[in-house]
Amino acid sequence: MSADTQDRLIKAAAVLFAEQGFDNVTVREICKASHANVAAVNYHFGDKAGLYRAIIKYAIAVMIETNELSQKAGEGLSPEDQIREFAKVFVRRVTGDGPNAWIHKLMVREMEQPTEALDLVMNQVIRPRLDYLSRVAGAIMGLPPEDQRVRRSVASLQGQVLMAARKVPAPLAKTWGGVAPDLDALATHIAEFSIGGMRTIASREPANGDQRPR
């Protein structure tokens, strides 16, 4: 029963923190949402901060799994196909209203209002992902991974796949032409748009401050 209570507390608090922010959620609200005794948070996690750390730990595990699956899908393929597989897996993992939809919202809050947890996310999730994409993009562009043109291209790719996790407001969806896009078509567009951009940027003379090919 104890493990069940902990699970309910984590799931309820994760959604509340993602929607309202850490400071705006009370322990009483968490316990009410999880149908737990008001003392349950302190009993299982020490305090609200301890519960938040447990949520971040869970979120990191899910995000690491996304990294691994998106990279594994492209193993042995050309750099271009690695980008295509990355986009396909990543878009499917972060899009929708599944049980882990709160993770993206919580990470947006962490970026805007960082806590000590952001260092863990950066070191265990974001930096390894960007290093992988920089190696792949560098291979496409014929440039070293640390080249600023590679880094900017990766940032652009990452921004596009993360935007797929955001809900499109109804008025915009109506104007734009649909609320539920074809995820495979979206992933394909992101990949082809990014690959084409990488090739074009690599073909140009480097601007001031860009690292030249070694």
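Further up the page is the structure itself.
Residues numbered from 1 in each chain as written. Predicted model: local features only at pLDDT ≥ 70, side-chain atom pairs only at ≥ 80, totals over all residues. Heavy atoms only, no water.

Caption draft 1: Examining the nonpolar core more closely. The biggest cluster of nonpolar side chains holds 30 residues, and the ones touching the most others in it are Ile-30, Ile-55 and Leu-106. Going through the elements one at a time, helix H1 (2–20), helix H2 (27–33), helix H3 (40–45), helix H4 (48–72), helix H6 (102–112) and helix H7 (117–141) are the ones with two or more residues in this core. The leading source of residues in this core is H4, at eight residues. If sequence neighbours within four positions are ignored, Ile-55 has contacts with Ile-10, Ala-13, Ala-14, Phe-17, Trp-102 and Leu-106. Core analysis: the second largest hydrophobic core is formed by 23 residues, Leu-133, Ala-137, Ile-190 and Met-198 among them. (Core = buried A, V, L, I, M, F, W, Y, C linked by side-chain atoms within 4.5 Å. Buried < 20%, exposed > 50% of the residue type's maximum accessible area, 1.4 Å probe, protein only. Helix = DSSP H or I, 4+ residues; strand = E, 2+ residues; numbered from the N terminus. Contact = heavy atoms within 4.5 Å.)

Caption draft 2: Up close: the environment of Gln-160. Within the element layout of this structure, Gln-160 appears in helix H8 (residues 148–163). Residues Gln-160 and Leu-186, spaced 26 residues apart in sequence, show a C-alpha to C-alpha distance of 9.8 Å. Once you skip the residues sitting within four places of it in the chain, Gln-160 turns out to touch Ile-190, Phe-193 and Ser-194.

Caption draft 3: Representation of unusual backbone geometry. Here His-35, not a glycine, exhibits a phi torsion of approximately 55°, which is positive. With respect to the secondary-structure elements, His-35 resides in the loop between H2 and H3. When its relative accessible area of 69% is taken as the criterion, His-35 is described as exposed.

Caption draft 4: Layout of the pattern of salt bridges. Here the structure, examined in full by the defined rule, presents eleven salt bridges. A salt bridge links Arg-84 to Glu-192, with the nearest nitrogen and oxygen atoms 2.5 Å apart. Of this pair, Arg-84 sits in helix H5 (residues 79–94) while Glu-192 sits in helix H10 (residues 183–203), and the two are 108 residues apart along the sequence. Overall, Glu-192 belongs to the partly exposed group, its relative accessible area being 35%. Asp-184 is the partner of Arg-92 in a salt bridge, and the nearest nitrogen-oxygen pair spans 3.3 Å. Here Arg-92 is found in helix H5, whereas its partner Asp-184 is found in helix H10, with 92 residues between them in sequence. Owing to a relative accessible area of 47%, Arg-92 belongs among the partly exposed residues under this scheme. Residues participating in the shared-partner salt-bridge network are Asp-81, Arg-84 and Glu-192. (Salt bridge = Lys/Arg side-chain N within 4 Å of Asp/Glu carboxyl O.)

Caption draft 5: Spatial organisation of H10. In a regular helix each residue adds 1.5 Å, so 21 residues correspond to 30 Å; H10 covers 30 Å between its end C-alpha atoms and thus fits that length. On its buried face, H10 is in contact with H5, H7 and H8. The opening residue of H10, the one whose side-chain oxygen lies 3.0 Å from the backbone nitrogen of Asp-184, is Asp-182. (Expected span 1.5 Å × (residues − 1). Polar contact = N/O pair within 3.5 Å; in protein donor to acceptor, adjacent residues only side chain to side chain.)

Caption draft 6: Focus on the environment of Arg-8. Inspection of the secondary structure assignment puts Arg-8 in helix H1. Residue Arg-8 is classed as partly exposed on the basis of its relative accessible area, which comes to 25%. Along the primary structure Arg-8 and Cys-31 are separated by 23 residues, whereas in three dimensions their C-alpha atoms are 9.0 Å apart. Residues in contact with Arg-8, not counting those within four places in the same chain, are Ser-34, His-35 and Ala-36.

Caption draft 7: Examining the packing of H5 against H7 more closely. Contact pair H5 / H7: the axes reach a minimum separation of 8 Å and the direction vectors enclose 145°. For the pair H5 and H7, the crossing hand works out as left-handed. Where H5 abuts H7, its residues Pro-79, Glu-80, Gln-82, Ile-83, Phe-86 and Phe-90 lie against Arg-129, Tyr-132, Leu-133, Val-136, Ala-139 and Ile-140. (Axes fitted to C-alpha atoms, helices over the stretch in contact; angles between N-to-C directions. Left-handed = near helix turned anticlockwise from the far one by under 90°.)

Caption draft 8: Inspection of the packing of aromatic side chains at higher detail. Here the structure, examined in full by the defined rule, presents five aromatic pairs. Geometrically, the ring pair formed by Tyr-58 and Trp-102 is stacked, given 6.1 Å between the ring centres and 20° between the ring planes. Here Tyr-58, found in helix H4, pairs with Trp-102, found in helix H6; they are 44 residues apart in sequence, far enough to count as distant. Of the residues examined, Trp-102 reaches a relative accessible area of 8% and is grouped as buried. Aromatic ring contacts, followed pair by pair, group Phe-17, Phe-22 and Tyr-52 into a single cluster. The ring of Phe-22 is capped by Lys-48, whose NZ or CZ atom sits 4.3 Å from the centre of that ring. (Phe/Tyr/Trp six-rings, centres within 6.5 Å; stacked < 30°, edge-to-face > 60°. Lys NZ or Arg CZ within 6 Å of the ring centre and 35° of its normal.)

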